[in-house]
Amino acid sequence: MRLANKVAIVTGGARGIGQAIALHLAEAGAHVAICDVQSGIETVARIEELGRTALALQVDITRESQVKDAVEQIMAKWGRIDILVNNAGITRDGLLLRMKESDWDAVLDVNLKGAFLFSQAVLRPMLKQREGRIINIASVVGLMGNPGQANYAASKAGLIGFSKSLAREVASRGVTVNCIAPGFIISDMTDVLTEEQKKVLMDQVPLGDMGLPKDVASAVAFLASPDARYITGQTVNVDGGLVMD
Ligand code: NAI
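Residue positions are given per chain, counting from 1 as you read along its sequence in written order. Since the coordinates come from a predicted model, pLDDT governs what is reported: local features require at least 70, and pairs of side-chain atoms require 80 or more to be given and counted, while whole-chain, interface and lining totals use all residues. Values shown for side chains rest on all heavy atoms present in the structure; no hydrogens or waters enter the calculation.

*Asks:* Is there a simple way to think about the site of the ligand in this case?
*Replies:* In the vicinity of the ligand, 28 residues are found, and the nearest of them are Arg 15, Asp 36, Asn 87, Tyr 152 and Ser 187. Polar contacts, as counted here, are pairs of nitrogen or oxygen atoms within 3.5 Å of one another; within protein the pair requires one atom able to donate a hydrogen and one able to accept it, and residues that are adjacent in sequence qualify only if both atoms are side-chain atoms. In the environment of the ligand, a nitrogen atom lies 3.3 Å from a nitrogen or oxygen atom belonging to the backbone of Val 37. In isolation the ligand offers 830 Å² of accessible surface; the protein chains occlude 94% of this area. Those elements that place two or more of their residues in the shell around the ligand are helix 1 (16-27), helix 6 (150-170) and helix 7 (188-191). Strands are runs of DSSP state E lasting at least two residues, helices are runs of H or I lasting at least four, and both sets are numbered from the N terminus onward. In terms of residue count, helix 7 provides more of the shell around the ligand than any other element does, 3 residues in total. Residues are counted as near a molecule or strand when any one of their heavy atoms sits within 4 Å of it. Surface accessibility follows the Shrake-Rupley procedure with a 1.4 Å probe radius. Residue values consider only the protein chains on display as shielding.

Printed below as a string of structure tokens:
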């Protein structure tokens, strides 16, 4: 129980990788708030089955007032926030020549501005506690680029730069900030790929297979644990060896 009685927030925790992260943190002992535009009640029910408390809050992370309200409700319930996982993310793919401004804005708003708003909102309690973990879910696409994903790549590369800057701002107060860069993970986001597209991608992965949401979740649980106390400003790739730097 490395996270016994810690309080965690997982954005986008209603399904997919975020749901796996929330369950993994709960298995390690944490109480978890799910902040998602979709209903997080299924994730909450599964966390409660594990004997932990949980809260599902319907939040659009691009709206500052909604984010602030959510953090207030979480503080009212548990009185502290130890872990924030900025996981919610979207894609609006298209080649740059034809990319609509609205598709650029939507992806940057959710993937980057959402993480900014949530990090800012939890910072006060974390700095007061002199302890906290912020873990941002980036992507290998933010490191290597991908045709048709200029908006997504920009948002994820931005998240990595954001994390390094914030890590430097808050390190002296006991708060660490790290990123995880998943590769190709089985989820609704990658379900849209054809078998042929998947095969082309898999040929580039040294471990030769797609990852599972729980592979990302284990890395998050490690970064959230006391074992990772001396790690900040880093990006951990969970990608089967796709990117090696
Ligand atoms: P998903 O699409 O299955 O889940 C994303 C969740 O975020 C959904 O529950 C959705 O409702 C929520 N969400 C979207 N917009 C929101 C908003 N404005 N406010 C609150 N919640 C919002 O995606 P998946 O695959 O689970 O991805 C999770 C994260 O992992 C994302 O940041 C994604 O970019 C990243 N990632 C995923 C990879 C993959 O292969 N699936 C690879 C690399 C990174």
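Next comes the rest of the description.
*Asks:* Would you explain unusual backbone geometry in this entry?
*Replies:* Peptide bonds are, in most cases, trans, and in most cases residues other than glycine have a negative phi. One non-glycine residue, Asn 5, lies in the positive phi region at around 65°. Assignment of secondary structure puts Asn 5 in the segment before strand 1 (7-11). Here the term buried applies to any residue with accessible area under 20% of the maximum for its type, exposed to any over 50%, and partly exposed to those in between, with areas from a 1.4 Å probe on protein chains only. On the basis of relative accessibility, which here comes to 56%, the residue Asn 5 falls in the exposed class.

*Asks:* Explain the side chain of Ser 163 here, please?
*Replies:* Along the chain, Ser 163 turns up in helix 6. Taking relative accessible area as the criterion, Ser 163 reaches 2% and is therefore assigned buried. A distance of 2.7 Å separates a polar side-chain atom of Ser 163 from the backbone oxygen of Leu 159. When sequence neighbours within four positions are dropped, the list of residues in contact with Ser 163 reads Asn 136, Val 177 and Cys 179. Two residues qualify as a contact provided that any one of their heavy atoms is within 4.5 Å of a heavy atom in the partner residue.

*Asks:* Explanation requested: the sheet that holds strand 1 in the structure shown.
*Replies:* What links the strands of a sheet is backbone hydrogen bonding, and the strands pair in either a parallel or an antiparallel sense. Paired strands, as defined in this entry, are two strands with at least two bridges between them according to DSSP. Strand order in the open sheet formed by 7 strands is 3-2-1-4-5-6-7, and the pairing between neighbours is parallel. With partners counted over all chains shown, the strands left at the sheet margins are strand 3 (54-58) and strand 7 (235-238), one partner each. Adjacent strand axes in the sheet meet at a mean angle of 15° when their direction is disregarded. Its contacts with the sheet put helix 6 on strand 5 (132-137), strand 6 (175-182) and strand 7, and the angle it makes with strand 6 is roughly 160°. Comment: axis = line fitted to C-alpha atoms, over the contacting stretch for helices; angle = value between 0 and 180 degrees taken between N-to-C directions.

*Asks:* What exactly am I supposed to notice about helix 9 (residues 213-224) here?
*Replies:* Because an α-helix completes one turn every 3.6 residues, residues spaced three or four positions apart along the sequence face the same direction. A rise of 1.5 Å per residue sets the reference length of helix 9, with its 12 residues, at 16 Å; its end C-alpha atoms lie 17 Å apart and thus fit the reference within 8%. Burial in helix 9 covers these residues: Pro 213, Val 216, Ala 217, Ala 219, Val 220, Ala 221, Leu 223 and Ala 224. Each element contacted by the buried residues of helix 9 is listed here: helix 1, strand 4 (83-86), strand 5, strand 6 and strand 7. By definition here, a helix of n residues has an expected span of 1.5 Å times n minus one.

*Asks:* Which parts of the structure should I look at to understand the nonpolar core?
*Replies:* Here is a general trend for soluble globular proteins: nonpolar side chains tend to be buried in one another's company. Here the nonpolar core consists of buried residues drawn from Ala, Val, Leu, Ile, Met, Phe, Trp, Tyr and Cys, with membership extended through side-chain atoms lying within 4.5 Å. Ile 9, Cys 35, Ile 74, Phe 118, Val 122 and Ile 134 are the most contacted members of the largest nonpolar core, which totals 35 residues. Breaking this core down by element, the ones donating at least two residues are strand 1, strand 2 (31-36), strand 3, helix 3 (64-78), helix 4 (101-129), helix 6 and strand 6. If one sorts the elements of this core by residue count, helix 4 sits on top with 9 residues. Sequence-distant contacts of Ile 134, defined by excluding residues within four places in its chain, comprise Leu 84, Asn 86, Ser 119, Val 122, Leu 123, Met 126, Leu 166, Thr 176, Val 177 and Asn 178. Ranked by size, the runner-up nonpolar core spans 32 residues in total, among them Ile 21, Ile 34, Ile 185 and Val 238.

*Asks:* Would you mind going over the pattern of salt bridges with me for this structure?
*Replies:* Side-chain pairs of opposite charge can arise where the charged atoms are in close proximity. Salt bridges are counted wherever a side-chain nitrogen of Lys or Arg sits within 4 Å of a carboxyl oxygen of Asp or Glu. In total, this model carries 8 salt bridges according to the counting rule given. Across the pair Arg 2 and Asp 227 runs a salt bridge, and its minimum N-O distance is 2.7 Å. Of this pair, Arg 2 sits in the segment before strand 1 while Asp 227 is found in the loop between helix 9 and strand 7, placing the two residues 225 residues apart along the sequence. The exposure class assigned to Arg 2 is partly exposed, which follows from its relative accessible area of 42%. Between Asp 188 and Arg 15 there is a salt bridge; the shortest N-O distance is 3.5 Å. Of this pair, Asp 188 sits in helix 7 while Arg 15 sits in the loop between strand 1 and helix 1; the two residues are 173 residues apart in sequence, bridging distant segments of the chain.

*Asks:* Whenever I open this one, the side chain of Asp 82 confuses me. Can you help?
*Replies:* Among the secondary structure elements, Asp 82 is positioned in the loop between helix 3 and strand 4. Polar contacts involving the side chain of Asp 82 include one to the main-chain amide nitrogen of Val 7, which spans 2.8 Å. Among residues more than four places away in sequence, those in contact with Asp 82 are Asn 5, Lys 6, Val 7, Met 126, Gln 129, Gly 132 and Arg 133.

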